[in-house]
Amino acid sequence: MSKPLAISYSDQYLDWQLGAGDSSHPTNPVRAKLATEKLVEKLVDQAIVIDPTPEGSEAADREALSLVHSERHIHAALNNFVDPQWSGANRQVAEAGFAMFRGTVRLVEKLLAGEIQVGFNPQGAKHHARRDASSGFCVYNDMAYAALKLQEAGLRPLYLDWDIHAGDGVHHILKESKIPTLSIHQGGIYPLDAELTDFSKRGTRHTHHDLEAMSYNWNLRSGDGDDGLEWAMTQAGDIIDSYKPDVILLAAGADGHEGVNNLGVKSNYSYKGFLRSAKVVASLAIKHCQGRVIIGGAGGYQPLDHTPEIWSQVVSTIYSWVEATEKFPEVTQEERDQMNKLYSGPFADWEVAEAKAHGFV
């Protein structure tokens, strides 16, 4: 039976106005509204928009924060409305930050209830937030919460992050959990974490893995393009294939896109590179996870055009592959391997099935 794409969004997200509060901050939240509108227009009745903050859920959602954050950190923002990410006491911004966390809580609930396979929170994947403090425009670490909650429910989650800023907060919260964290990022920019980057190799393309912590890191160079992303995604795909998760958590940062951006960082990923990466995720989710993927927007600093469009294309590609595969007969691993070898994959199972029906494999 077909399941919808769930998008956690409300206009409360637009209150996430850091800096001067006039949408001039690099994290301009209009990107979330635009991405949601694009997905609804593209998928029509296959997409549902869910309220991140339904009535009666606030107390439980505050308790959910305690799974990943200290009471001191929670209290400062939710009770005093104060945090280093904004100036002074600002209740509107504080509550917007909590709403963004709650959006991912809703997706976890729906996935565990079997109501969805793919969910998207455009203001999710606040991957820099630490247990005791906010960091890098991130107050509450929703993806770390999702990973621990899914593990608690008996699932086998894996976290993948292709934002060009390393997923340091997720790494530090999860490093003793035995949940794999995979991060593809520029090695010479924030957050400059020695557990994720080998500083003796700065300026080079290199890996920095901690097998005991199940932390895998690919460091790219400033200005790297699709070839760098593909280099990392190919290796990350092998690790995912070997681990065999049953749900993938994806921080789908669009901040690596080429061109001028609000943050002044330099990477040269194209739409083609992002979509190839989305197809790798989709094919692995179909193979190992019954199509289950929760996606957070993470970073993206071209908020009026490229960021929402990239998010829309990545999310709709993953959802469409999962949805289409549900309608085709199962294929064997031998048939998948043959298709990939002959036609340079990755391919979704529905594509393999269609090729088989026409005698191509």
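First things first, this report covers the structure right here in the doc. The model shown is predicted, which means the values in this text are computed figures rather than measured ones.

1. Observations regarding the overall build of the protein chain
At step 1: Each helix and strand in the protein chain was counted, giving 11 helices and 9 strands.
At step 2: Taking 21 Å as the expected radius of gyration for a compact globule of 361 residues, we find that the protein chain reaches 19 Å, a close match to that expectation.
At step 3: Expressed as lengths along the three principal axes of its C-alpha atoms, the size of the protein chain is roughly 65 × 50 × 40 Å.
At step 4: Scored against the burial criterion, the 361 residues of the protein chain give a buried share of 58%.
At step 5: The contacts of the protein chain with a sequence gap of at least 6 include a subset with a gap of at least 24, amounting to 72%.
At step 6: Taken as a whole, the protein chain presents about 14400 Å² of accessible surface, with 50% of it coming from carbon and sulfur.
At step 7: Taken as two groups, the 33 positive and 48 negative side-chain charges of the protein chain have centres that lie 3 Å from each other.

2. Some remarks on empty space enclosed by the protein
Take a probe with the size of a water molecule and roll it over the atoms, and the empty space left behind shows itself.
At step 1: Following the criterion strictly, the structure yields 1 cavity of 30 Å³ or more and no others.
At step 2: Of the volumes computed, that of the largest cavity is approximately 50 Å³.
At step 3: Along the walls of the largest cavity sit W16, G97, M100, F101, K126, F137, C138, V139, Y140 and D142, which together make up its complete lining.
At step 4: At 3 residues, helix α4 (residues 91-112) tops the list of elements feeding residues into the lining of the largest cavity.
At step 5: Among the residues forming the lining of the largest cavity, the class breakdown is 7 nonpolar, 1 polar and 2 charged.

3. Examining helix α8 (residues 271-288)
At step 1: In a regular helix each residue adds 1.5 Å, so 18 residues correspond to 26 Å; α8 covers 26 Å between its end C-alpha atoms and thus fits that length.
At step 2: When we look at burial in α8, the residues that qualify are G273, F274, S277, A278, V280, V281, A282, S283, L284, A285, I286 and H288.
At step 3: The opening residue of α8 is S270, an N-cap whose side-chain oxygen sits 3.2 Å from the backbone nitrogen of K272.
At step 4: Once α8 finishes, Q290 follows within two positions and takes phi at roughly 55 degrees, a positive value.

4. A word on the sheet that holds strand β3 (residues 118-121)
At step 1: Across the sheet, 9 strands lie side by side as β2-β1-β3-β9-β8-β4-β5-β7-β6; this open sheet has mixed pairing. Each edge of the sheet is formed by a strand with only one pairing partner; in this case those strands are β2 (47-50) and β6 (206-207).
At step 2: Where β3 meets strand β9 (residues 293-296), 4 bridges bridge the pair, whose relative direction is parallel. In the strand pairing of β9, F120 is matched with I295.
At step 3: In the packing of helix α7 (residues 226-243) onto the sheet, contacts are made with β4 (157-161), β5 (181-186), β6, β7 (215-220) and β8 (247-251), and the angle to β7 comes to roughly 170 degrees.

5. Remarks on the layout of surface pockets
At step 1: Of the volumes computed, that of the largest pocket is approximately 420 Å³.
At step 2: Along the wall of the largest pocket there are 18 residues; nearest its centre are V280, S283, L284, N340 and P346.
At step 3: Looking at the lining of the largest pocket, the elements with two or more residues in it are α7, α8 and α10 (333-343).
At step 4: Split into classes, the residues belonging to the lining of the largest pocket amount to 5 nonpolar, 6 polar and 7 charged.

6. Looking at the pattern of salt bridges
At step 1: For the structure on display, the rule yields 20 salt bridges.
At step 2: Where R62 meets E71, a salt bridge forms, and the shortest distance between an N and an O atom there is 3.3 Å.
At step 3: Exposure remark for R62: the relative accessible area of 26% places this residue in the partly exposed category.
At step 4: Judged by its relative accessible area of 47%, E71 is partly exposed.
At step 5: Two residues, D224 and R221, come together in a salt bridge whose shortest N-O distance is 3.0 Å.
At step 6: Assessed through its relative accessible area of 6%, D224 is described here as buried.
At step 7: A residue is classified by how much of its surface remains accessible, and R221, at 36% relative accessible area, is partly exposed.

7. Observations concerning the pairing of β5
At step 1: For β5, a buried count of 6 out of 6 residues is recorded, marking the element as mostly surrounded by other parts of the structure.
At step 2: Taken together, the 3 bridges between β4 and β5 define a ladder with parallel strand orientation. Each residue of the ladder has a partner; that of Y159, found in β5, is T181.
At step 3: One ladder, built from 6 bridges, connects β5 with β7; its direction is parallel. For S183, the partnering residue across the bridge sits in β7 and is N217.

8. What to know about the side chain of H73
At step 1: The topology assignment puts H73 in helix α3 (residues 71-78).
At step 2: Its relative accessible area of 4% is what places H73 among the buried residues.
At step 3: Those residues within four positions of H73 in sequence are excluded, and the remaining contacts are D83, R130, R131, D132, A133, S134, V139 and Y140.

Reading the values: rules and limits
Residues numbered from 1 in each chain as written. Predicted model: local features only at pLDDT ≥ 70, side-chain atom pairs only at ≥ 80, totals over all residues. Heavy atoms only, no water. Helix = DSSP H or I, 4+ residues; strand = E, 2+ residues; numbered from the N terminus. Rg over C-alpha atoms; globule rule 2.2 N^0.38 Å. Buried < 20%, exposed > 50% of the residue type's maximum accessible area, 1.4 Å probe, protein only. Contact = heavy atoms within 4.5 Å. Areas by Shrake-Rupley, 256 points an atom, 1.4 Å probe, with all protein chains shown as cover. Lys, Arg positive; Asp, Glu negative; His and termini not counted. Charge placed at Lys NZ, Arg CZ, Asp CG, Glu CD. 1 Å grid on protein atoms, 1.4 Å probe; cavity = no way out; pocket = protein on both sides within 12 Å on 5 of 7 lines; lining within 4 Å. Points joined across faces, edges and corners; volume = space filled by probe spheres on them. Nonpolar A, V, L, I, M, F, W, Y, C, P; charged D, E, K, R; others polar. Expected span 1.5 Å × (residues − 1). Polar contact = N/O pair within 3.5 Å; in protein donor to acceptor, adjacent residues only side chain to side chain. Pairing = 2+ DSSP bridges. Axes fitted to C-alpha atoms, helices over the stretch in contact; angles between N-to-C directions. Salt bridge = Lys/Arg side-chain N within 4 Å of Asp/Glu carboxyl O.

Just geometry here; none of it tells us what the structure is for.
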